[in-house]
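# Fold and geometry: a report
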Amino acid sequence: MKSTSPISHLPAATLLFLVVATTAIADSPDLPLVRIGSKSSIENVILGEMLTLLADQAGGDARHQSALGGTQIVFAALKKGDIDAYIEYTGTLSQEILKGQRVRSDEDIRAALAKMNLAMSQPLGFNNTYALGMKADVAEKMQIASISDLAKAMKAANGSKLKFGFSDEFLKRGDGWPAVKVLYQFENQPTGLDHSLAYRGLDAGTLHVTDLYSTDPEIAKYKLKVLEDDLACFPEYHAVILYRADLKDRAPQVLENLLKLEGKIDNSTMMEMNTRVRIDHDRDINVAGDFLLSKLQIKTDSSEEKKWVVIGRDFVRNTTRHLLLVFCSLSAAIVVAVPLGIWAYKYSKVTHGILGIVGIIQTIPSMAVLVFMVPLLGLGEKPAIMALFLYSLLPIVRNTYAGLKEIPDNLKESAIVLGLSRQARLYLVELPIASRSILSGIKTAAVINVGTATIGGLIGAGGYGEPILTGIRLADVSLLLQGAIPAALLAVVVQGLFELLERLVVPKGLRLARAE
Amino acid sequence: MLELIEVSKSFGQTQVLKPTSLVLEPGKTTVFIGPSGCGKSTLLRIMIGLIEPSAGTVKFDGVEMTPRNIMQMRRKMGYVIQDGGLFPHLSARGNVGLMARYLGWEKQRVNARVEELARLTRLPDGALERYPSQLSGGQRQRLGIMRALMLDPSVILLDEPMGALDPLVRYDLQEDLRGIFQSLKKTVVLVTHDMGEAGFFGDTVVLLGGGEIVQQGTLDEMIRFPASDYVTRFINAQRLPGVEAKEVAAS
């Protein structure tokens, strides 16, 4: 990505040690810093790269926080000022982000955004909404071009043979099938099925109509006809650039360059670009660069690097970031959780409270923790470390508490009757005896942490989550493995390190006692 | 020395120890004996402050025992439980010397004292460097006693110290222990349910039943002049060869 290019020629080993300094080195004070975000779909990442290239070309110090999870995280980051611009859809703005504010027109949306010091561009051109599609040849034979045609055909004697198969979400959403059914007066009962199966069904002729997004690359791949929504049933999802209002003052040229995209990308162009990335496995930055060159005659710096250089550099960067996330969150968790476990053991009044709270924290889905943390801590490592820290508490607190609790009464009493103070009993007797249990709690937390740290990919914190999530998005198994294999190996290494640590930390007498 | 004044203990509604007064004879061994649940262990645990009495006072060297001074008093007492209660993470030497090290004794002094006690309790060579899990039951109990003696306390309290040992090991240990107690002139309280052991150790035997002292004196007195049917039954239940307590006199 662009932000690391100034140091890309440094040897990998040096990079490892300089990682903390990289942010400082990469900062160029003369250029206005412009941070572009993107949601994690293929389309959004391509457009994010496009915005980044444009910002860079207009003289900005452009960075792309790519594939940041869902709408809520990206919008929260924009509001907080962690990113300056990203691609959003008008439908998402009115139905989801500004839900409850009764926005009806684009003007309403602009007014509501202005209150948050945000602004919206004119539509880029394409409308990525729900659509109904069928095989082009079948549609042509039956002379179906619109949904009304389809409804008419269904009422005719030969049309009732057509089978409808929709994704579960489309079947249930208020603006999906229920709306279509009422407006176009369908009477048949569609079946629910997975999207990828639906495409195969269409190909095989066992299914005739399915729901699509209007820029899906599969439309071209499977030669589908997108039926015209002639009664305007589906809400409009026009792509727009959402940006912070202060960008106009801070980097006017950059904004001007970004807004050149207005009205330039129609549905088929977007679909082609999606196809190149999704089906042909082209890099999103190249697809974005080609578009800018051919449609806007803008030449951008998206020069191709050798693949192994990219892989090697990404590996070092991801490993360093991953270790950083795990190390920081685990250290903080140890410092907090061991004393919490001791309190839970010493003061029976707070036992249930402490164990209950850390237990509840553990059940909160990681996505929910991130959605909650990003508005508070912004993007990057901080919210990721915070989330990992929270997830590390339970195993350590529990094992500290259990390890102390399980010490036989006669040993606890032996320490008392010797005349040791409460403090001394804890440090000289109880904690050493519980050390194995405490350490195994920390080990569990560390191993879980190595796996969970992949959520860092959702909020621009880096780590192995980045190639994993990108691999999932692009259906690129080799990319996915570039994250998954090192993550698994790291978990094994961590496990091994803790077994060595046990030899150092757990007193010999306890190890002998267990061996018997 | 140790003195109990009208000490009682209840757990909820159940009174496990009725108001009891007792003065320990300095330099002598007192044995608490009685069946399970008679209150003998409760009484011992009150003496070292593991149980706080519901009423009454415990005095040590004339000073009333309170939660504030109990820690200091414990350092002048030794307490031995069944199987030694040794800390598994410390070597035998570490266990015995723990308290002295905590109090800041120099290493040489700690080691000299530990080795002196090892000779006194006839602990086998090399056992000091082993860990509790590597030692026999008898060795563990000798270490428990060494740990209790480490700071040279004036009072030693033992709660069924030989309950878990097999008879031959137990016999040797009993012999050694009595010798140690007599030569060191310690004030000793030993809890047991074994009449033979009580007679072997006890200058004074205190028989408890139902949470109170039933009879107090030498074993011989108990056999010849039992205070109640309960005493008679308890002594005869031990089936000591050649020993049979008399019926309680009709008077």
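This part covers the overall build of chain A. When you go through chain A residue by residue, the secondary structure sums to 24 helices and 10 strands. Projected onto its principal axes, the C-alpha positions of chain A cover 95 × 60 × 45 Å. For chain A, buried positions account for 44% of its 516 residues. Contacts in chain A between residues far apart in sequence, at least 24 positions, make up 76% of those at least 6 positions apart.

The number of helices and strands found in chain B is 9 helices and 10 strands. For chain B, the C-alpha radius of gyration of 19 Å lies close to 18 Å, the compact-globule estimate for 251 residues. With respect to the principal axes defined by its C-alpha atoms, chain B has extents near 65 × 45 × 30 Å. Looking at chain B residue by residue over its 251 residues, the buried ones come to 43%. When contacts within chain B are restricted to residue pairs at least 6 apart in sequence, those whose partners lie at least 24 apart make up 62%.

Strands belonging to one sheet form pairs held by backbone hydrogen bonds; the direction of such a pair is parallel or antiparallel. All names here are of chain B. Within the open sheet, the 4 strands sit side by side as S2-S1-S4-S5. Their pairing is antiparallel. The sheet is open, and its two borders are formed by strand S2 (14-23) and strand S5 (63-64), each paired with just one other strand. Examined bridge by bridge, strand S4 (residues 55-60) and S5 share 2 bridges and lie antiparallel to one another. Within S5, the position partnered with Phe 60 by the bridge is Val 63.

Time to look at the interface of chain A and chain B. Each partner contributes residues to the interface: chain A has 22 residues there, and chain B has 20 residues. Those elements that place two or more of their residues in the side of chain A that touches chain B are helix H20 (409-418), helix H21 (422-452) and helix H24 (508-515) of chain A. Per-element tally for the side of chain A that touches chain B: the top contributor is H20(A), with 7 residues. Residues of the side of chain A that touches chain B, tallied by class, amount to 14 nonpolar, 5 polar and 3 charged.

All names here are of chain B. Here chain B averages 90 in pLDDT, while 98% of its residues score no lower than 70. Looking at the elements of chain B, mean pLDDT is at its lowest for helix H9 (residues 229-237), recorded as 87, and at its highest for helix H3 (residues 92-102), recorded as 96. With a pTM of 0.77, the predicted complex shows an ipTM of 0.91.

Ordered by their spatial adjacency, 5 strands build an open sheet running S7-S6-S8-S5-S9 (chain A), and the pairing between neighbours is mixed. Of all strands in the sheet, those with a lone pairing partner are strand S7 (191-192) and strand S9 (224-226) of chain A, marking the two edges.

Attention now moves to unusual backbone geometry. Where the residue is not glycine, phi is negative for most of them; where a peptide bond is considered, it is trans in most cases. At A:Ala67, a residue that is not glycine, the phi angle is positive and equals roughly 55°. Here A:Ala67 lies in the loop between strand S2 (61-65) and helix H3 (71-80).

Once that is clear, we can look at the nonpolar core. Membership of the largest hydrophobic core comes to 202 residues, with the highest contact counts inside it found for A:Met50, A:Ala85, A:Val397 and B:Leu157. For this core, the element with the most residues is helix H19 (residues 381-405) of chain A, which contributes 13 residues. Setting aside chain neighbours within four positions, we find A:Val397 in contact with A:Ala337, A:Leu340, A:Gly341, A:Ala344, A:Ile354, A:Leu355 and A:Val358.

All names here are of chain B. Within strand S6 (residues 77-81), 5 of the 5 residues are buried, leaving the element largely enclosed by the surrounding structure. By the alternation rule, side chains of S6 split into Met 77, Tyr 79 and Ile 81 and Gly 78 and Val 80, which are all buried. As defined by bridge partners, S6 adjoins strand S7 (residues 155-159) across 5 bridges and the pair is classed as parallel. In the strand pairing of S7, Tyr 79 is matched with Leu 157.

Another point: the environment of A:Gly451. Residue and element names in this part refer to chain A. The residue Gly 451 is located in helix H21 in this model. Taking the C-beta count within 10 Å as the criterion, Gly 451 has 15 such neighbours and is therefore assigned partly exposed. The spatial distance from the C-alpha of Gly 451 to the C-alpha of Tyr 464 is 9.1 Å, given a sequence separation of 13 residues. Setting aside residues no more than four positions away along its own chain, Gly 451 makes contact with Ala 487 and Ala 491.

Time to look at the packing of helix H16 (residues 307-346) of chain A against H21(A). When two helices pack together, their arrangement is captured by the angle between the axes and the distance separating the axes. Residues and elements named next belong to chain A. Where H16 contacts H21, the two axes come as close as 10 Å, and the packing angle between them is 150°. Viewed along their axes, H16 and H21 form a crossing whose handedness is right-handed. Residue-level contacts link Val 326, Ser 329, Leu 330, Ala 333, Ile 334 and Val 338 of H16 to Ile 438, Ile 442, Ala 445, Ala 446, Asn 449 and Val 450 of H21. A per-class count over the contact of H16 with H21 returns 10 nonpolar, 2 polar and no charged.

Inspection of H3(B) places B:Ala92, B:Gly94, B:Asn95, B:Val96, B:Gly97, B:Leu98 and B:Met99 among the buried residues, and these make up the whole buried set. Contacts from the buried residues of H3(B) go to H20 and H21 of chain A together with helix H4 (107-120) and helix H5 (137-149) of chain B. Among the residues trailing H3(B), B:Gly104 stands out with phi positive, at a value near 90°.

Here we take up the environment of B:Val169. Residues and elements named next belong to chain B. Mapped onto the elements, Val 169 comes out in helix H6 (residues 167-184). For Val 169, a count of 16 C-beta atoms within 10 Å corresponds to the partly exposed category. As a C-alpha pair, Val 169 and Ser 136 span 33 residues in sequence and 10.0 Å in three-dimensional space. Leave out the neighbours within four places in its chain, and Val 169 touches Gly 137 and Gly 138.

A residue-level look at chain A finds 92% of positions with pLDDT of 70 or above and a mean pLDDT of 87. The spread of mean pLDDT over the elements of chain A runs between helix H1 (residues 12-26) of chain A, the lowest at 39, and strand S10 (residues 239-244) of chain A, the highest at 96.

A word on the pairing of strand S8 (residues 187-192) of chain B. All names here are of chain B. The buried count for S8 comes to 6 of 6 residues, which makes it a mostly enclosed element. Covered by surrounding structure in S8 are Thr 187, Val 189 and Val 191 together with Val 188, Leu 190 and Thr 192, the residues of both alternating faces. Where strand S3 (residues 29-33) and S8 come together, 5 bridges link them in parallel fashion. Paired with Phe 32 across the two strands is Val 191, which belongs to S8. Where S7 meets S8, 5 bridges bridge the pair, whose relative direction is parallel. Across the sheet, the residue bridging to Leu 157 is Val 189, located in S8. In this view, the connection linking S7 to its parallel neighbour S8 by way of H6 has right-handed handedness.

Each value, and the rule that gives it
Residues numbered from 1 in each chain as written. Chains lettered and ligands numbered in written order. Predicted model: local features only at pLDDT ≥ 70, side-chain atom pairs only at ≥ 80, totals over all residues. Helix = DSSP H or I, 4+ residues; strand = E, 2+ residues; numbered from the N terminus. Buried ≥ 20, exposed ≤ 12 C-beta atoms within 10 Å, placed from the backbone. Contact = placed C-beta atoms within 7 Å. Rg over C-alpha atoms; globule rule 2.2 N^0.38 Å. Pairing = 2+ DSSP bridges. Nonpolar A, V, L, I, M, F, W, Y, C, P; charged D, E, K, R; others polar. pLDDT = per-residue confidence, 0-100. Core = buried A, V, L, I, M, F, W, Y, C linked by C-beta atoms within 7 Å. Axes fitted to C-alpha atoms, helices over the stretch in contact; angles between N-to-C directions. Left-handed = near helix turned anticlockwise from the far one by under 90°. Right-handed = clockwise from strand over helix to strand, strands pointing away.

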